[in-house]
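Take a look at the letters that make up each chain.
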Amino acid sequence: MEYVPDTRQQLILCCECGTAIPPNPANMCVNCVRSIVDITEGIPKQATVHWCKNCERYLQPPITWMSCDLESRELLALCLKKLKGLVKVRLVDAGFIWTEPHSRRIKVKLTIQKEVFAATILQQTFEVEYVVASMMCPDCTRVMAQNTWRAKVQVRQKVDHQRTFFYLEQLILKHNAHQETINIVEVKGGLDFQYAHRAHAIKMVEFLGSTVPTRSKSSEQLISSDEHTATANFKFTYAVELIPICKDDLVVMPRKTANSLGHISPLVLCARVGSAVHVIDFKTLQITEISGLTYWRHEDITPICSMRDLKKFYVVDVELVGPRFGKYALADVTVQRLSDVGKNDNVIIVRSHLGNILNFGDLVQGYDLQTANINSDTFDKLNPDDVPSVVLVKKGYAERRRKRKQRNWKLKSLNKDDGDLVPKKQEEERKVADFEAFLRDLEEDPELRQGVNLYHDSNFVARPDAGNAMVDDDDEEGDDAPEVPLEELLNDLAIGGDSDVDDEMAE
């Protein structure tokens, strides 16, 4: 066995307090060095950070305003730049200390190093407290004054309902496209988005164009000019028109236009609206797309029936006769008008694309072309043998069950200014009915829910019918009414007292 001598570390006494310490160039212990030298001298222990409560941005001197989340890297960098004495030391570590969000205090823990004597480096940890002071940024200051917008986006759609704007509002919220908007004004037939910079308005126009088929035009108005410096101040306005075709609309087009779209039938149903309009031939299951450029080039493509023209029918028989494509299947469906059930035996046999969805005894919604008042020259030119008596659109559900049902989810809405628009009672009731129809579309169409954020309603109370045997027959028949799965709902989390959106309860 090899002998290993016991090497003991030599110790010396601190020249100040006499404590035994390992040798170092200063011949002093750490406590004595800290009592003599303070490496945090010159670094402020308190500072002020300016924050705009309207847009929730922080001021980065001298004039830059930036958006930062609490305890983010951007906010930490902004706080460190407020400390001028950090240039004389070496920053080792920095991190946030948790504080209440409403306390208007931000605490940062810093670890620094500095050479105090020859070949002697001292490390020290300390805290810096930042006071969040409210200060209105220049953009919000202009918003509070009158006539401060520099660019406006006017969004319009020539339809008699507002389902498209409800869906567009949810898309804007999901993609946070309203972040640079200084005001949203609700006007008759659409919305006005006001911006402080022209580039933000152009960005909104591009977002709308990527969401739905649109066409736009711009104009400018001279506000002031300076001949000496050759500068001028303009206000820009962008008029955006949405395509007037919505989901479940019955669309008619001339035979020549239908042939250019893949020899589709001139009478089709709108299945979905995205960056293009997807239409389906309910007799052959042929699907094609109508882009915004195609629609405005052929202005004879017109919707002749919309959601307000839907009638209810009772399904008597379903016979599959043709191919299947996705969720669609071709079938001959025997239906009877709901108003004729129990009164006569008048039935109608129609070719439909809903063979996979409908069964005997179901309710179905469709367009009754025999009794509909259609004012369209293109529709009048169609061959009467090619025009069906009824066009089935979607499955219907028990109305009594749906009215009593409380939803366990809700939507959020934008903060909109009513402006000079004072809605009448009839218009307000129509808006409520349109919003209810939009909520039902969300429940029935999973593809439509992909572009919408649905939030769990904390105020939802389940009905105590689970243990009650006394349940109406109508409720039992309407138990197949579609519902939003729980896994698709998001938890509603609000940080801070101010919010850009309002909760809109979908009860």
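Quantities reported herein were computed from a predicted structural model and do not represent experimental measurements. (Residues numbered from 1 in each chain as written. Predicted model: local features only at pLDDT ≥ 70, side-chain atom pairs only at ≥ 80, totals over all residues. Heavy atoms only, no water.)

## Things to note about the overall build of the protein
Along its length, the protein carries 12 helices and 26 strands. Within the protein, the fraction of its 507 residues that count as buried is 42%. Long-range pairs, those at least 24 residues apart, make up 66% of the contacts in the protein between residues at least 6 apart in sequence. (Helix = DSSP H or I, 4+ residues; strand = E, 2+ residues; numbered from the N terminus. Buried < 20%, exposed > 50% of the residue type's maximum accessible area, 1.4 Å probe, protein only. Contact = heavy atoms within 4.5 Å.)

## Remarks on the confidence of the model for the protein
Looking at the protein as a whole, the pLDDT averages 83, with 89% of positions reaching at least 70. A low-confidence stretch, residues 466–479 stays under pLDDT 50, and its non-local contacts, those more than four residues away or across chains, total 10 contacts. With pLDDT under 50 throughout, residues 495–500 is counted as low confidence; its partners more than four residues away or in other chains account for 5 contacts. (pLDDT = per-residue confidence, 0-100.)

## Remarks on the sheet that holds strand S5 (residues 64–67)
Taken in spatial order, the 6 strands make up an open sheet running S5-S4-S3-S8-S7-S6, and their pairing is mixed. The open sheet has two edge strands with one neighbour each: S5 and strand S6 (90–97). When strand polarity is set aside, the average angle formed by the axes of neighbouring strands in this sheet is 35°. Bridging between strand S4 (residues 57–60) and S5 involves 4 bridges; their strand directions are antiparallel. Residue pairing for S5: Gln 60 is matched across the bridge by Thr 64. (Pairing = 2+ DSSP bridges. Axes fitted to C-alpha atoms, helices over the stretch in contact; angles between N-to-C directions.)

## Let's talk about the packing of helix H4 (residues 163–175) against helix H5 (residues 198–211)
Two numbers describe how H4 lies on H5: the axes approach to 12 Å, and their chain directions differ by 120°. Seen along the crossing, H4 lies across H5 with a hand that is right-handed. Residue-level contacts link Leu 168, Leu 171, Ile 172 and His 175 of H4 to Met 204, Phe 207, Leu 208 and Thr 211 of H5. Considered class by class, the residues forming the contact of H4 with H5 number 6 nonpolar, 2 polar and no charged. (Left-handed = near helix turned anticlockwise from the far one by under 90°. Nonpolar A, V, L, I, M, F, W, Y, C, P; charged D, E, K, R; others polar.)

## Remarks on the sheet that holds strand S23 (residues 390–396)
With antiparallel pairing, 5 strands are arranged side by side in an open sheet as S21-S20-S19-S22-S23. Every interior strand has two partners, whereas the edge strands, strand S21 (348–352) and S23, have only one. Geometrically, the sheet is characterised by an average inter-axis angle of 40° between neighbouring strands, direction not taken into account. In this sheet, S23 lies alongside strand S22 (residues 363–368) in antiparallel orientation, the contact comprising 6 bridges. Looking at S23, one finds that Leu 363 is bridged to Gly 396.

## Looking at the pairing of strand S17 (residues 287–290)
Only one face of S17 is covered, namely the one carrying Thr 288 and Ile 290; the face carrying Ile 287 and Glu 289 has none of its residues buried. Here strand S16 (residues 277–280) pairs with S17 via 4 bridges, running antiparallel. From the neighbouring strand, Ile 280 faces S17, where its bridge partner is Ile 287. Counted along the chain from S16 to the antiparallel partner S17, the turn is 6 residues long, and its residue Leu 285 has a positive phi close to 65°.

## Points about the nonpolar core
Among the nonpolar cores identified, the biggest contains 37 residues, and Val 153, Phe 193, Met 204, Leu 411 and Leu 442 are the most heavily contacted of them. Contributions of two or more residues to this core are made by strand S9 (151–156), H4, strand S11 (190–195), H5, strand S13 (231–242), strand S24 (409–414) and helix H10 (425–444). Contact partners of Met 204, with chain neighbours within four places excluded, come to Val 153, Ile 172, Ala 177, Phe 193 and Tyr 195. Core analysis: the next-biggest nonpolar cluster, separate from the first, contains 32 residues, Ile 21, Ile 43, Ala 47 and Val 89 among them. (Core = buried A, V, L, I, M, F, W, Y, C linked by side-chain atoms within 4.5 Å.)

## Focus on a negative patch on the surface
Together, Asp 417, Asp 418, Glu 427, Glu 428 and Glu 429 make up a negatively charged patch on the protein surface. Mapped onto the elements, Glu 427 comes out in helix H10. (Patch = residues over 30% accessible without salt bridge, like charges linked within 9 Å, V, L, I, M, F, W, Y side chains within 5 Å. Areas by Shrake-Rupley, 256 points an atom, 1.4 Å probe, with all protein chains shown as cover. Salt bridge = Lys/Arg side-chain N within 4 Å of Asp/Glu carboxyl O. Lys, Arg positive; Asp, Glu negative; His and termini not counted. Charge placed at Lys NZ, Arg CZ, Asp CG, Glu CD.)

## Some remarks on the environment of Leu 363
Here Leu 363 lies in strand S22. Measuring from C-alpha to C-alpha, the distance between Leu 363 and Gln 336 comes to 9.8 Å, with 27 residues separating the pair along the chain. Discounting residues that sit within four places of it in the chain, Leu 363 has contacts with Phe 313, Tyr 314, Leu 338, Lys 395, Gly 396 and Tyr 397.

## Considerations on the packing of aromatic side chains
The tally for this structure, following the rule as stated, stands at 6 aromatic pairs. Between Phe 234 and Phe 236, the ring centres sit 6.2 Å apart and the planes meet at 40°, which makes this aromatic pair tilted. Accessibility expressed as a relative area gives 28% for Phe 234, which makes it partly exposed. Seen from their ring centres, Phe 435 and Phe 438 are 6.5 Å apart, and the 40° between their planes marks the pair as tilted. Of the two residues, Phe 435 and Phe 438 both sit in helix H10, 3 residues apart, roughly one turn of that helix. An aromatic cluster is defined as three or more aromatic residues linked by ring pairs; in this entry it consists of Phe 166, Phe 435 and Phe 438. Stacked on the ring of Trp 149, the Lys or Arg Lys 235 has its end atom at 4.5 Å from the ring centre. (Phe/Tyr/Trp six-rings, centres within 6.5 Å; stacked < 30°, edge-to-face > 60°. Lys NZ or Arg CZ within 6 Å of the ring centre and 35° of its normal.)

## Comments concerning the pattern of salt bridges
Following the criterion strictly, the structure yields 22 salt bridges and no others. When the shortest N-O distance is used, the salt bridge between Asp 445 and Lys 247 registers 3.9 Å. You can see Asp 445 sitting in the loop between H10 and helix H11 (446–449) and its partner Lys 247 sitting in the loop between S13 and strand S14 (250–252), a full 198 residues away along the chain. Notably, a salt bridge pairs Glu 436 with Arg 440, separated by 3.2 Å at the nearest N-O pair.

## Concerning the environment of Ser 210
Along the chain, the position of Ser 210 falls in helix H5. Expressed as a C-alpha distance, the spacing of Ser 210 and Gly 274, which sit 64 residues apart in the sequence, is 8.3 Å. A polar side-chain atom of Ser 210 sits 2.8 Å from the main-chain carbonyl oxygen of Phe 207. (Polar contact = N/O pair within 3.5 Å; in protein donor to acceptor, adjacent residues only side chain to side chain.)

## Focus: H4
An ideal rise of 1.5 Å per residue puts 18 Å on 13 residues; H4 measures up with 19 Å between its terminal C-alpha atoms. Here H4 lies mainly inside the structure; 11 of its 13 residues are buried. Within H4, burial applies to Arg 163, Thr 164, Phe 165, Phe 166, Tyr 167, Leu 168, Glu 169, Gln 170, Leu 171, Ile 172 and Leu 173. One or two residues past the end of H4 sits Asn 176, with phi positive at roughly 55°. (Expected span 1.5 Å × (residues − 1).)

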